[in-house]
Amino acid sequence: MRLILVLALWLLGPAMALAADLSVTVRTPQGKPVVDAVVSVAAPHSGPIHLPWPYRMAQHNIQFDPFVLVVPVGAEVAFPNLDFTRHHVYSFSPAKTFELKLYGRDETRVVHFDKAGVVELGCNIHDTMIAFIVVVETPYVAKTDADGVAVIHGVPAGTQPVSVWRPYLRAPGNALSGTAQIPHDGVVHMSFTADVRAPPERHQMY
Amino acid sequence: MRPDRAGHQLQSRVIIATAMAVTVLSCGASASAQIDLVSSDTVHGVLDLRAAEADGEPSFTNGGFGKARFGGDGGSGFTGRVQLATAALEWTPRLNWEWSAVIDVLAQPGQEHSLDIGQAYIVYKPVPRSATRFNVRAGLFYPAISMENDARAWGVTNTITPSAINSWVGEEVKVAGVEASATRAFGDQEFTATAAVFGFDDTAGTLLSFRGWALHDIQSQANGRFRLPPLSPFISQVQPDETYSTLDIDHHVGYYGRVEWRSAGPLTLNAFYYDNLGNMIGVTPDLEWAWATRFLDVGARWDVDAQTKVMAQALTGKTVMGFPTPGGRFANMDFRSAYLLATHLVGKSAFTARADLFDTHDNSAAFLGDTNERGWAITGAWRYPLTKFVDVRLEALHVDSSRPSRAYANEAAHQAQTVLQSSLRLSF
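Residues numbered from 1 in each chain as written. Chains lettered and ligands numbered in written order. Predicted model: local features only at pLDDT ≥ 70, side-chain atom pairs only at ≥ 80, totals over all residues.

Caption draft 1: Representation of the nonpolar core. Within the largest apolar cluster, 75 residues are counted, with the highest numbers of intra-cluster contacts made by Ala 164 and Trp 291 of chain B. With 6 residues, strand 14 (residues 328-346) of chain B is the largest single contributor of residues to this core. The residues contacting Trp 291 of chain B, other than those within four sequence positions of it, are Asp 202, Thr 203, Ala 204, Gly 205, Thr 206, Gly 278, Met 280, Thr 319, Val 320 and Met 321 of chain B. Membership of the second largest hydrophobic core comes to 51 residues, among which are Ala 37, Val 38, Val 111 and Val 164 of chain A. (Core = buried A, V, L, I, M, F, W, Y, C linked by C-beta atoms within 7 Å. Buried ≥ 20, exposed ≤ 12 C-beta atoms within 10 Å, placed from the backbone. Helix = DSSP H or I, 4+ residues; strand = E, 2+ residues; numbered from the N terminus. Contact = placed C-beta atoms within 7 Å.)

Quick look at the structure:
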């Protein structure tokens, strides 16, 4: 028993000692939290990437859900249509061009995302439906929550580039960047300030 | 051609064309379930139960010069009524993934026909292959002028009564034509350009000349007419006391163009130019004339924050009708109007305030008749959604105008009027 404990400490010790959690807060100049911002750290990693949330872009109540989805390169993303109405989902973004004809309460379709980048989704029947899939090449990524906070666990120690991207962020390329000094363990806090503009309002009837 | 025959013909043509298109496209569509003719997705309706109290002169809907949908009896007291102000059915069949149609059937009390077509058009909207999106529609429809009518069956979004500009659009600026538009994103900005050719809008300008500006939510019918107030002695010899809104008399093809720019910030701007290229002297045996009407409308919307938006439109134009006389054509009038509107959300309530200014300038001699007018209106409205399908609206409208031609009805040129309305609106 003691041997197992020693072995576990020996195995975990270095890992714990060489990485820390990065907690990033994104707020507007007025102090309001910025939700759905994608925070990522381009640190080296090895092996396949698994992100701890479902790779799923539902259509529900004539909206995409979630508004922003982060998936790794190579992900298979499910597109379940939970509405009774049909949706004609499309993207012409360079990172992935596709269209999906989804009947109401239809079976789920799957799309393979094989290139990094931002994929903007629309519905040709419902112009007000807009969502984004961010395809990343790093496991060190998280999305800000309702408090405008994103926590990335286990970021390798050292000087690391941090970037923040969100649709309609008032910044060049909708992106902000910075550098974080990641210690060997513990939590490091970082904050960004940027305004978010309202999404474009589209006419329903003309 | 009798106007009512012409109207019937148009209505028949619209129905036949729509039915043919539905048939052809549904045959062309693959045997799969691409077609969706009747479902909760394609059948929508609006019912508007209205209570109204108004003072002042009788409404134009009763053959008067009154500028609102409801008027008084000419005295100082208020007159009230309760009615089903609008019943509309909007059918939006989907023929396949890229072709669909919109057919509005409307019932509004006081119209010539208890049920008639409002709009009927086919839409082609291919899935975007690039940052440019295309949209084509053909049939009978309202051009995109109004920034207030963005609800089902061309309904008004936040008030009961639209502005003077969009009230006029509702009664005299509906076209039968083909319209194409392209929208392209430039970074976070979007730009839309639209062009159309049309007919069946030859009488545009008749109501505006002989009655003047008005504020109401009555839509023209494909086959219906509006009553005109008492006309000048000269005009009453050449024009009956009614006008059909959807007529093609001179067979000239008119056109319009529109541009819209949606900035990355809170501002949206649009401009619209229309010319029906009427020949002025075309006339039916029933003396409905082919008016030459052209106008420019500019609009702006400023989204102050998530709760507040400000909108404005300004329109200026000219309409001319009839043969030349020593005093000019039978009718020759410049018209203009503008409004400024602000909507503020407090919880689920939407509070809207609007100020309208309008005037007309008669360019022909006084013996032909007087179409001069100037006036203003203020509107305050509250809209509250009771459920997803039902909302309640309260509105106070005050119109003040001066129009010398009221003398034809033995009324004083200057009139002021207040209309209080409540609306319980079911839409699905």
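Caption draft 2: A look at the pairing of strand 1 (residues 19-27) of chain A. All names here are of chain A. Sheet topology note: the strand 1/strand 13 (residues 149-156) ladder contains 6 bridges and is antiparallel. Paired with Ala 20 across the two strands is Val 155, which belongs to strand 13. Two elements, strand 1 and strand 16 (residues 187-193), share 7 bridges in a ladder whose sense is parallel. In the strand pairing of strand 16, Leu 22 is matched with Val 188. (Pairing = 2+ DSSP bridges.)

Caption draft 3: Examining the interface of chain A and chain B more closely. Contact with chain A, which involves 17 residues of that partner, is made by 20 residues of chain B. Contributions of two or more residues to the side of chain A that touches chain B are made by strand 7 (87-93) and strand 8 (96-102) of chain A. In terms of residues, the side of chain A that touches chain B owes the most to one element, strand 7 of chain A, which gives 3 residues. Across the side of chain A that touches chain B, the residue classes break down as 9 nonpolar, 5 polar and 3 charged. (Nonpolar A, V, L, I, M, F, W, Y, C, P; charged D, E, K, R; others polar.)

Caption draft 4: How the structure looks around unusual backbone geometry. With an omega of 5°, the peptide bond running from Asp 65 of chain A to Pro 66 of chain A counts as cis. Residue placement: Pro 66 of chain A occurs in the loop between strand 4 (63-65) and strand 5 (68-72). Not every positive phi belongs to a glycine, and Ala 153 of chain B is a case in point at roughly 55°. For Ala 153 of chain B, the location among the structural elements is in the loop between strand 5 (132-141) and helix 2 (164-172). Using a count of 24 C-beta atoms within 10 Å as the deciding quantity, one classes Ala 153 of chain B as buried. The phi angle at Asn 410 of chain B is positive, at roughly 55°, despite the residue not being glycine. Within the element layout of this structure, Asn 410 of chain B appears in the loop between strand 17 (390-402) and strand 18 (414-427).

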